[in-house]
Amino acid sequence: MHPRNRQRRNASAMKLVGRLVALFRVAAGLTQSQLAANVGVQEETVASIEQGRRALLPDLARSMDTLLSTKGALETAVANMPEVDLIPAWAEQYMDLEKEALALSFFANQVLPGLLQTESYARAVFRSRVPAFSEEEIETHVENRLHRQEVLRRKLPPTTSFILAEAILLARLGGDDVHQEMIRNLRRCARLPNVTIQVMPSIRHTHASLDGPFILLETPDFQHLAYTETQRGSQLINDPNEVSILAQKYAMLRTQALNTEESRDLLDRLLGEQ
């Protein structure tokens, strides 16, 4: 199926589920705000789901079914959506928040964050996927990834911090030419007034985040959230205690990584080695 047809099917299925949520909510005599408060999400999240702009994730569907006494109808609807709908839903809520964030903080240890990827690097990432994407799917994903980077060029861009494991900079993902272009792009991004890039050197004897990568995010209403990804899923974290733990980890990582000047010097040395 052509990617555009998949996207249309995705949109239609999301709208159908959204209409079910709205129907059950009204039948239960709840406003969007009341439903959101009872299931532990933002009112905007409920509004976006009902309008078909945001996918309803399985855990949230289960919570809504319990609250609205719908006997598993929403969970069943989500479970029977085409697989193409479920995969983009993993990160959809985070991406919506990323577009309007006041501040973003990334720790990455395996692959460059999407906001820093060049087109050729992004293509190499998606070509590495197992099971493999088709050429059409790769191009669609690359286009979407590059579109996300507009957040760094907003009129009022977020304050953005990146801590990158040195191993990412040394890996030749996509080949030497892709690697050279990637390092040059990092050097350009490091000059942006709203961006800081720090490198976590591989020679360190201690490390504050051996559990893996994560992202911290501050919303326009000053809510602090976190986001983590695994092999087959993702988690948006809004529990203040859990977010605080990750914020403490990030603060420690910033002291353990090279400072911004040292990190720029490392990038310059890597460019000189080409």
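Conventions adopted
- Residues numbered from 1 in each chain as written.
- Predicted model: local features only at pLDDT ≥ 70, side-chain atom pairs only at ≥ 80, totals over all residues.
- Heavy atoms only, no water.
- Helix = DSSP H or I, 4+ residues; strand = E, 2+ residues; numbered from the N terminus.
- Rg over C-alpha atoms; globule rule 2.2 N^0.38 Å.
- Buried < 20%, exposed > 50% of the residue type's maximum accessible area, 1.4 Å probe, protein only.
- Contact = heavy atoms within 4.5 Å.
- Areas by Shrake-Rupley, 256 points an atom, 1.4 Å probe, with all protein chains shown as cover.
- Lys, Arg positive; Asp, Glu negative; His and termini not counted.
- Charge placed at Lys NZ, Arg CZ, Asp CG, Glu CD.
- pLDDT = per-residue confidence, 0-100.
- Expected span 1.5 Å × (residues − 1).
- Polar contact = N/O pair within 3.5 Å; in protein donor to acceptor, adjacent residues only side chain to side chain.
- Axes fitted to C-alpha atoms, helices over the stretch in contact; angles between N-to-C directions.
- Parallel < 35°, antiparallel > 145°, perpendicular 65-115°, else oblique.
- Left-handed = near helix turned anticlockwise from the far one by under 90°.
- Nonpolar A, V, L, I, M, F, W, Y, C, P; charged D, E, K, R; others polar.
- Core = buried A, V, L, I, M, F, W, Y, C linked by side-chain atoms within 4.5 Å.
- Salt bridge = Lys/Arg side-chain N within 4 Å of Asp/Glu carboxyl O.

Moving on to the overall build of the chain. If you tally the helices and strands in the chain, you get 12 helices and 6 strands. On C-alpha atoms alone, the chain measures out to a radius of gyration of 20 Å, which is about the 19 Å that the 2.2 N^0.38 rule sets for 274 residues. For the chain, the spread of C-alpha atoms along the three principal axes comes to 65 × 45 × 35 Å. For the chain, the proportion of its 274 residues judged to be buried stands at 44%. Considering only residue pairs separated by 6 or more positions, the chain has 70% of its internal contacts joining residues 24 or more positions apart. For the chain, the accessible surface area stands at approximately 14900 Å², while carbon and sulfur atoms represent 52% of it. Of note, the chain has its 31 positive side-chain charges centred 3 Å away from the centre of its 34 negative side-chain charges.

When the pLDDT values of the chain are averaged, the result is 89; 91% of them are 70 or greater. Taken together, the stretch residues 83–90 has pLDDT below 50 and engages in 16 contacts with residues farther than four places along the chain or on a different chain.

On to helix α3 (residues 43–50), then. Note that an α-helix has 3.6 residues per turn; residues three or four places apart therefore point the same way. Burial runs high along α3: 6 of the 8 residues are buried. Thr45, Val46, Ala47, Ser48, Ile49 and Glu50 are the residues of α3 that are buried.

Before going further, it helps to spend a moment on unusual backbone geometry. The linkage connecting Val130 with the following residue, Pro131, adopts the cis geometry, with an omega of -5 degrees. Here Pro131 shows up in the loop between α7 (119–127) and α8 (135–148). Backbone geometry places Lys71, a non-glycine residue, at a positive phi of 55 degrees. Here Lys71 is to be found in the loop between α4 (58–68) and α5 (73–79). If you check the backbone angles, Phe222 has positive phi at about 65 degrees while not being a glycine. Take Phe222: it is sitting in the loop between β4 (214–218) and β5 (224–230).

Now for helix α11 (residues 240–256). In this model α11 runs 24 Å from its N-terminal to its C-terminal C-alpha over 17 residues, within 8% of the 24 Å that 1.5 Å per residue would give. On the buried face of α11, the contacting elements are β1 (103–108), β2 (159–165), β3 (195–200), β4, β5 and β6 (233–237). Its side-chain oxygen 3.1 Å from the backbone nitrogen of Asn241, Asp239 forms the N-cap of α11.

Bringing the packing of helix α2 (residues 32–39) against α3 into the picture now. The relative placement of two packed helices comes down to the angle between their axes together with the axis-to-axis distance. Where α2 contacts α3, the two axes come as close as 8 Å, and the packing angle between them is 115 degrees. Here α2 is positioned roughly perpendicular relative to α3, judged by the angle of their axes. Crossing angle aside, the handedness with which α2 passes α3 is right-handed. On α3, the residues touching Gln32, Ser33, Leu35 and Ala36 of α2 are Glu43, Val46, Ala47 and Glu50. Looking at the contact of α2 with α3 residue by residue, the class counts come to 4 nonpolar, 2 polar and 2 charged.

The next subject is the nonpolar core. Among the nonpolar cores identified, the biggest contains 32 residues, and Leu112, Leu116, Phe162, Leu164, Leu169, Leu186 and Ile197 are the most heavily contacted of them. At the level of elements, β1, β2, α9 (166–170), α10 (176–189), β3, β4, β5 and α12 (260–272) are the ones that each hand at least two residues to this core. With 5 residues, α10 is the largest single contributor of residues to this core. If near-sequence neighbours (up to four positions away) are discounted, Ile197 is found in contact with Leu116, Phe162, Leu164, Leu186, Cys189, Ala190, Thr260 and Ser263. Val17, Ile49, Leu56 and Met81 belong to the second-largest nonpolar core, a separate cluster that totals 21 residues.

Another aspect to go through is the pattern of salt bridges. One pass over the full model with this rule turns up 12 salt bridges. A salt bridge links Arg62 to Asp59, with the nearest nitrogen and oxygen atoms 2.9 Å apart. Note that Arg62 and Asp59 are positioned in helix α4 at a spacing of 3 residues, about one turn of the helix. A relative accessible area of 37% places Arg62 in the partly exposed class. We note a salt bridge from Glu119 to Arg123, for which the minimum N-O separation is 3.0 Å. Of the two residues, Glu119 and Arg123 both sit in helix α7, 4 residues apart, roughly one turn of that helix. Since its relative accessible area comes to 42%, Glu119 is described here as partly exposed. Here Arg123 falls in the buried class, since its relative accessible area comes to 18%. Here the residues in one salt-bridge network are Asp59, Arg62 and Glu75, joined through shared partners.

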